[in-house]
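Now for the letters of each chain:
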Amino acid sequence: MNHVVVVGAGLAGLRTVEALRSRGFTGRVTMVGRERHRPYDRPPLSKAVLSGEADDSYIGTDLAALGVDFWPGVSAKSLRAGVVETTEGELGYDGLVIATGADPIRLPGDGPQHVLRTLDDAHEVRAMLVPGARVAIIGAGWIGAEVATAARRAGCEVTVVEAGPAPLATAVGAEIGARTERWYDGIDLRLGAMVDSVDEGGVRLVGGAFVDAHVVVTGIGVRPAVEWLADADIDLHNGVVTDERLRASLPGVVAVGDCAAWWSRRWQTRLRVEHWDSALNAPEVAAATLLGEDAVYDPVPYFWSEQFGHMVQYAGHHPAGERLLYRGDTEGKWSAVWLTADDALAAVLAVDRPRDLVQGRRIIASGQRLDAKRLVDPEVSLRDC
Ligand code: FAD
């Protein structure tokens, strides 16, 4: 293989380049990125960058030392076997890495609407989070909760509009989400409220109510950024479909990060997770696969969120669980655990209990069975259950 083209200069794209080099690939590498920035981490955008503790989150990698020809501000437009067409012309490849991440979903309406996906977005929103500003956040998911945290800290008057019955309901279910409702103290949290449109001066709800706002931030989820592949001869279904080696259906092509829907050997289903850990670790497998080595991507998915002074961490795949149990109550630190029908751990969500997360993740990987009676005692460590 002489030339690898990487489309997408986020964490997953960059890590794939690093993995190729560390595995001894000495051929040409070209990395094409729609943004004008060199690669940076996104998790700090809704945390340190939004709150003003940091101005950027660039990843400290020397692109020149990696020998990568980086094309910032260039988008891939289409793909045919062996050729990527970009806004700057065609690029032939022997190996292709699709690492285009995901794009935020926007709501209808002519009013100014912000999203939080890029470093530029974070700076734009940050400049508007001033004391007394009325901020409407649409969506009480991971991003919405983190933006609400920063807005509240900045002294804004915050309204959060959520279509579901509880915060985080889409991500982890309404029962667990309801446990986080108390964190929205001082915030006008509107549950079960559907947005009709984002208009000048605020948000119109279905039914006619209007939420006045100087700033509207929409955090209702993302879609895999694969529109540029619409006419390509490659399987797409909720992202780029890959096997457990991250191989796409077109020869010589792998996909990683938020845009990849890979076959999970562990859960026997297709997974697409939009989390940093996957963008960090899947590239090792993608690089190995491109180089013809034998590697399988079979993680216990992991992510975290920092909201309202709480560290929320999750590992596993809760749809594989049948029973939901709790360790600790909502007043303090607590965890939710999902058990399968035969008492294996499917997933754990830990609130300010990092030990439950670390031990839970290992237990999920090992397949160890747990004693449900001991499990509900927060004083007993998970590994002893
Ligand atoms: P991206 O980081 O999205 O990178 C893809 C890049 O490809 C982008 O720069 C994009 O512009 C570019 N691109 C897209 N289309 C094209 C094209 N056609 N041509 C060229 N380039 C293209 N995860 C956690 O686990 N914990 C957290 O606390 C957390 N916080 C987050 C906070 C925010 C604000 C955001 C946005 C995400 C957060 N995440 C978090 C998720 C995590 O950051 C993502 O899972 C990770 O960034 C995915 O990396 P990626 O490289 O796959 O995609």
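Since the structure is predicted, the reported quantities are computational estimates derived from the model, not experimental observations.

### Some points on the packing of aromatic side chains
Then, number 1: Counting across every chain of the model gives nine aromatic pairs.
Then, number 2: Considering the side-chain rings of Phe303 and Tyr314, the 5.1 Å spacing of their centres and the 20° angle between planes classify their relative orientation as stacked. Within this pair, whereas Phe303 is found in strand 21 (residues 302–307), its partner Tyr314 is found in strand 22 (residues 310–316), the two being separated by eleven residues in sequence.
Then, number 3: For Phe303, a relative accessible area of 9% puts it in the buried group.
Then, number 4: Owing to a relative accessible area of 5%, Tyr314 belongs among the buried residues under this scheme.
Then, number 5: An angle of 65° between the planes, with centres 6.4 Å apart, marks the rings of Tyr326 and Trp334 as edge-to-face.
Then, number 6: Joined through ring pairs, the aromatic side chains of Trp142, Phe303, Tyr314 and Trp338 make up one cluster.
Then, number 7: Geometry around Tyr326 places Arg179 over its ring, the cationic atom sitting 3.8 Å from the centre.

### Looking at unusual backbone geometry
Then, number 1: You will see that Asn238, though not glycine, has its phi angle at about 50°, which is positive.
Then, number 2: Non-glycine residue Asp352 carries a positive phi angle of around 60°.
Then, number 3: By the secondary structure assignment, Asp352 is in the loop between strand 25 (345–351) and helix 9 (354–366).

### Details of the site of the ligand
Then, number 1: In the neighbourhood of the ligand, 34 residues make up the surrounding shell, with Glu35, Arg42, Lys47, Arg117 and Asp258 lying closest.
Then, number 2: Here an oxygen atom of the ligand and a side-chain polar atom of Glu35 are 2.6 Å apart.
Then, number 3: Glu274 is positioned with one of its backbone polar atoms (N or O) 3.3 Å from an oxygen atom of the ligand.
Then, number 4: Residue assignment for the shell around the ligand shows that the elements contributing at least two residues are helix 1 (11–22), strand 2 (28–33), helix 8 (276–290) and strand 21.
Then, number 5: Tallied by class, the residues present in the shell around the ligand amount to 18 nonpolar, nine polar and seven charged.
Then, number 6: Counting contributing residues, the shell around the ligand receives three or more from each of domain 1 (3–103 + 222–290) and domain 2 (106–218).

### Observations concerning the domain arrangement of the chain
Then, number 1: Splitting the chain by domain gives domain 1 (3–103 + 222–290), domain 2 (106–218) and domain 3 (309–384).
Then, number 2: Contacts between the two partners involve 18 residues from domain 1 and, on the opposite side, 13 residues from domain 2.
Then, number 3: With both sides pooled, the region where domain 1 packs onto domain 2 buries about 1400 Å², and carbon together with sulfur makes up 59% of that total.
Then, number 4: Of all residues in domain 1, Leu45, Ser46 and Leu50 give up the largest surface area on contact with domain 2, accounting jointly for 38% of the area buried on that side.

Criteria and thresholds
- Residues numbered from 1 in each chain as written.
- Predicted model: local features only at pLDDT ≥ 70, side-chain atom pairs only at ≥ 80, totals over all residues.
- Heavy atoms only, no water.
- Phe/Tyr/Trp six-rings, centres within 6.5 Å; stacked < 30°, edge-to-face > 60°.
- Helix = DSSP H or I, 4+ residues; strand = E, 2+ residues; numbered from the N terminus.
- Buried < 20%, exposed > 50% of the residue type's maximum accessible area, 1.4 Å probe, protein only.
- Lys NZ or Arg CZ within 6 Å of the ring centre and 35° of its normal.
- Near = heavy atom within 4 Å.
- Polar contact = N/O pair within 3.5 Å; in protein donor to acceptor, adjacent residues only side chain to side chain.
- Nonpolar A, V, L, I, M, F, W, Y, C, P; charged D, E, K, R; others polar.
- Domains from an automatic or database assignment.
- Contact = heavy atoms within 4.5 Å.
- Buried area = accessible area lost by both parts, 1.4 Å probe.

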